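Letter by letter, the chains look like this.
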Amino acid sequence: KHHIAVFDMAGALVSTIGKRGKEPGQFNFPTNMALDHEGKLYVVDSMNFRVQILDPEGKVIKTFGNVGDGLGQFARPKGIAVDSDGNIYVIDAAFNNFQIFDSEGRLLLFVGSIGKEPGQFWLPAGAYIDGQDRIYVADQYNFRVQVFQYFRDGEQARRPPERDRPQKTRTLGAEKRVTHQTAADGG
């Protein structure tokens, strides 16, 4: 049906947002969503190859992205998450990475490539960011979850125990860093 269904706490349908189409507020296979601390809804509009940002009433604030294989473009967008500073993380299964955008939709950084090593992905599918700005990426065909850490300007990482030490650090702009570690799959 290519819309977002809104339910109350009892599970009753309250309203729907959007319909199938290409215009802002319309969707073509909306696949994943995230909420920020202000109640804005971030929607991966997969077959329109974009992200739509909606206010708490469901009105479009901004859209960004388009189809392509260049920086800031999407081929198979899937998961989405938002950190405490409003940076937007979009998983792209075709590129085997995630791209990080600022709150205005400008590309800051991309992380990953195809592979099995730390920081590499094989059809990543989803993302979640916890209250400590740890970024969890579901690395679907590698059967694992990779964990990254976002640091604000001036923040220093605490030194984790040897077994939990980050294996890679990526630079996010001049002032921000994302550090990576892999959550073991029990094997």
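The preceding data block contains the structure.
Residues numbered from 1 in each chain as written. Predicted model: local features only at pLDDT ≥ 70, side-chain atom pairs only at ≥ 80, totals over all residues. Heavy atoms only, no water.

J.: I tried to follow the sheet that holds strand S5 (residues 50-54) on my own but got confused; where do I start?
T.: Note on sheets: strands pair through backbone hydrogen bonds, and any given pair is parallel or antiparallel. Taken together, four strands build an open sheet; the order of strands is S3-S4-S5-S6 and the sheet is antiparallel. Edge positions in the open sheet fall to strand S3 (30-35) and strand S6 (60-64), since each of these has one partner strand only. Put simply, the sheet's adjacent strands are angled 20° from each other on average, direction ignored. Where S5 lies against S6, four bridges are found, and the strand directions are antiparallel. Looking at the pairing, Gln52 lines up with Thr63 of S6. (Pairing = 2+ DSSP bridges. Helix = DSSP H or I, 4+ residues; strand = E, 2+ residues; numbered from the N terminus. Axes fitted to C-alpha atoms, helices over the stretch in contact; angles between N-to-C directions.)

J.: Please clarify how the layout of surface pockets should be interpreted in this entry.
T.: The space that makes up the second largest pocket amounts to roughly 230 Å³. Forming the boundary of the second largest pocket are 18 residues, of which Ala34, Leu35, Ala81, Val82 and Ile129 lie nearest the centre. Contributing elements (two or more residues each) for the lining of the second largest pocket: S3, strand S7 (77-82) and strand S11 (124-129). Per-class residue counts for the lining of the second largest pocket are nine nonpolar, five polar and four charged. (1 Å grid on protein atoms, 1.4 Å probe; cavity = no way out; pocket = protein on both sides within 12 Å on 5 of 7 lines; lining within 4 Å. Points joined across faces, edges and corners; volume = space filled by probe spheres on them. Nonpolar A, V, L, I, M, F, W, Y, C, P; charged D, E, K, R; others polar.)

So, to be careful, I would describe these as geometric facts and stop short of saying anything about function.
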